[in-house]
Amino acid sequence: GSARSNSKDPSAQEAETKIIVNHTIRIWTISSYRPSSAEVTRAQVLLLGPVGSGKSSFISSVQSVFNGRVTNRAMVGSSSTSFTKKMQSFNIHGQNGEDPTGLILCDMVGLGGGEMIGPTLHDILSIIKGHVPEGHKFSPDQPVRSETVGYVKRPSLKDKIHCVAFVVDASKILTYPKDLSTTFQQLREHISDLGVHQVALLTHIDQICSETDKDTTQVYKSRMGKAGALLGMSSSYIVPLKNYSSELDLDVNTDVLLLSAVDHILQYADLHFQDHASLHTGPKID
Ligand SMILES: Nc1nc2c(ncn2[C@@H]2O[C@H](COP(=O)(O)OP(=O)(O)O)[C@@H](O)[C@H]2O)c(=O)[nH]1
Ligand SMILES: [Mg+2]
C-alpha cells in the first residue's frame, strides 16, 4: 500500500518501481513473442522430470502470470492417475484469455527413477520428433509405432518439440535415486542428436530457503551445482524458480522468476528455429 511505500527510503522505492516496470515489459515482450520461423506460429516446449517435480504446476503458474491471477489447474498433483499418462499441450493465453501467446507447454507422465515406471526413451523421442498425436495414452507395453492411432508419419516443424525443459525439485536434489542421473544423461544425448536445445527448471526453491536460517545463498549455490551434476548441464542453463502452489495472490518476485524461465525457454526454442532455417535455406547470398 502507499502508506508503507512512503516510509521507505527513495532508493528502495526506486528499486521496487524498477521491478514492476521490468515485469510489465517482460509480460508484454513474451506475449508478443512469435517464432522466428515462418513455418510455425508457436514454440512447443516439452517438460520432462520426475513425478512431483512441478511440471504441471509450472504450466499452471505461467498461465497464472499471464492471466493476472492465480489459476489452479486440476492436473496439478495428479501423480499416478491416467491424467498424467497422456500427453497434453497447453497454449498459454494472454490477459483475459484472448490472444494466445506464441508458447505451448507440453505436459506428460513423470520420468521413472526407483520403482516408478515412466515413459520409455523411445516414446519420448517419438514425441520430440513429432510423431505422437495430442492426447496419446502412453503405456510401457505399447510403444509408439507407425500403427499407433493418429501417428504422424511425416511430421513437419510445427508437429515437433522445439525445446526441452527438464524439471527438478531443489528440495529433493540430494535424495533423487542415482539412476535418474543416468536417465537424464541418456535423454540429453539423444535429444541433442535431434538438434533440440535443453534447459532446466529448478523448482521448489521456496522450500530450500525455509530449510535453513543460515546462509541461504550458500545452500542455493550448492543446489544449483547439484542440479547441474544431476543433469550433466552447466548451471547457466538452469533457472531457479518457485511455482504457485498454495498461494491465492500473485507475487511480483515469484512472477519475475517464472518469466525469466519462460524467456530462457523461448530463447532456446528460437535457436532451434534459427538452426533449422539455416539448414534448409543455407546462407543468404545477396
Ligand atoms: N512449495 C512448492 N511446492 C511446489 C512447487 N512446485 C510444485 N509444488 C507442489 O508439488 C506437488 C507436485 O507438483 P506437480 O506440478 O503436480 O508435479 P508434476 O508431477 O511434475 O506435474 C504439488 O503439490 C505442488 O503444489 C514449488 O515450486 N514450491
Ligand atoms: Mg503432472
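See the structure above.
How each quantity is defined
- Residues numbered from 1 in each chain as written.
- Chains lettered and ligands numbered in written order.
- Predicted model: local features only at pLDDT ≥ 70, side-chain atom pairs only at ≥ 80, totals over all residues.
- Helix = DSSP H or I, 4+ residues; strand = E, 2+ residues; numbered from the N terminus.
- Contact = placed C-beta atoms within 7 Å.
- Expected span 1.5 Å × (residues − 1).
- Buried ≥ 20, exposed ≤ 12 C-beta atoms within 10 Å, placed from the backbone.
- Arc of directions from axis to C-beta.
- Core = buried A, V, L, I, M, F, W, Y, C linked by C-beta atoms within 7 Å.
- Pairing = 2+ DSSP bridges.
- Near = placed C-beta within 6 Å.
- Nonpolar A, V, L, I, M, F, W, Y, C, P; charged D, E, K, R; others polar.
- Axes fitted to C-alpha atoms, helices over the stretch in contact; angles between N-to-C directions.

Visitor: Would you mind going over the overall build of the protein chain with me for this structure?
Guide: Scanning the protein chain for helices and strands turns up 8 helices and 6 strands. Starting at the N terminus and walking to the C terminus, you meet the elements of the protein chain as α-α-β-α-β-β-α-β-α-β-α-α-β-α. Pairs at least 24 residues apart make up 75% of the contacts formed inside the protein chain by residues separated by at least 6 positions.

Visitor: Would you mind showing me how to read helix α5 (residues 178–193) here?
Guide: Given 3.6 residues to a turn, an α-helix orients residues that are three or four positions apart in the same direction. With 16 residues, α5 should reach 22 Å at 1.5 Å per residue; the first-to-last C-alpha distance of 24 Å fits that figure. Every buried residue of α5 is accounted for by Leu180, Phe184, Leu187 and Ile191. Seen from one end, α5 has its buried residues packed into an arc of 70°, which puts them on one side. Looking at α5, the residues exposed on the side facing more than 90 degrees away from the buried face are Lys178, Asp179, Thr182, Gln186, Glu189, Ser192 and Asp193. After α5 finishes, the residue Gly195 shows a positive phi value of roughly 80°.

Visitor: Teacher, can you tell me more about the nonpolar core here?
Guide: Nonpolar side chains in soluble globular proteins tend to be buried together. If you look at the biggest cluster of nonpolar residues, it comprises 59 residues, and the most contacted ones within it are Val45, Val164, Ala165, Ala200 and Leu202. At 7 residues, helix α8 (residues 252–281) tops the list of elements feeding residues into this core. Look past the residues within four positions of Val45 in its chain and what remains in contact with it is Leu103, Ile104, Leu105, Cys106, His162, Cys163, Ala165, Ile265 and Ala269.

Visitor: Quick question: what am I supposed to make of the pairing of strand β3 (residues 100–107) here?
Guide: Walk down a regular strand and you will see the side chains alternate between the two sheet faces. Most of β3 is tucked away, with 7 of its 8 residues classed as buried. The pairing of strand β1 (residues 43–48) with β3 spans 4 bridges and is classified as parallel. Paired with Leu46 across the bridge in β3 is Cys106. For strand β2 (residues 88–93) and β3, the ladder comprises 5 bridges, and the chain directions are antiparallel. Bridging across to β3, Ser89 finds its partner in Cys106.

Visitor: Teacher, can you tell me more about the site of ligand 1 here?
Guide: Taken together, 19 residues lie near ligand 1, and Gly54, Lys55, Ser56, Ser57 and Ser245 sit nearest. Elements with a minimum of two residues in the shell around ligand 1: α3 (55–67) and α6 (205–211). The element best represented in the shell around ligand 1 is α3, accounting for 3 residues. Among the residues forming the shell around ligand 1, the class breakdown is 2 nonpolar, 14 polar and 3 charged.

Visitor: Hey, could you run me through the sheet that holds strand β6 (residues 238–240) in this one?
Guide: The strands making up a sheet associate through backbone hydrogen bonding, with each pair oriented either parallel or antiparallel. Taken together, the 6 strands give an open sheet; going across it, the order is β2-β3-β1-β4-β5-β6, and neighbouring strands pair in mixed fashion. Edge positions in the sheet fall to β2 and β6, since each has one partner strand and no second. Neighbour-to-neighbour, the strand axes of this sheet turn through a mean angle of 25°, independent of strand direction. With 3 bridges connecting them, strand β5 (residues 197–203) and β6 associate as parallel partners. The partner of Ala200 across the bridge, within β6, is Ile238. Sitting on the sheet, α3 is in contact with β1, β2, β3, β4 (163–169) and β5, with an inclination near 165° to β3.

Visitor: Would you take a moment to explain α3 for this structure?
Guide: For α3, which comprises 13 residues, the first-to-last C-alpha distance of 18 Å matches the rise-based estimate of 18 Å (1.5 Å per residue) to within 8%. For α3, the buried fraction is high: 12 of the 13 residues fall into the buried class. In the segment just after α3, Gly68 is the residue with positive phi, at about 85°.

Visitor: Just to check I follow, could you spell out the environment of Ala229 for this structure?
Guide: Take Ala229: it is sitting in helix α7 (residues 216–231). Residue classification places Ala229 among the exposed positions, given that 12 C-beta atoms sit within 10 Å. Counting along the chain gives 48 residues from Ala229 to Ser181, while the straight-line C-alpha distance between them is 8.2 Å.

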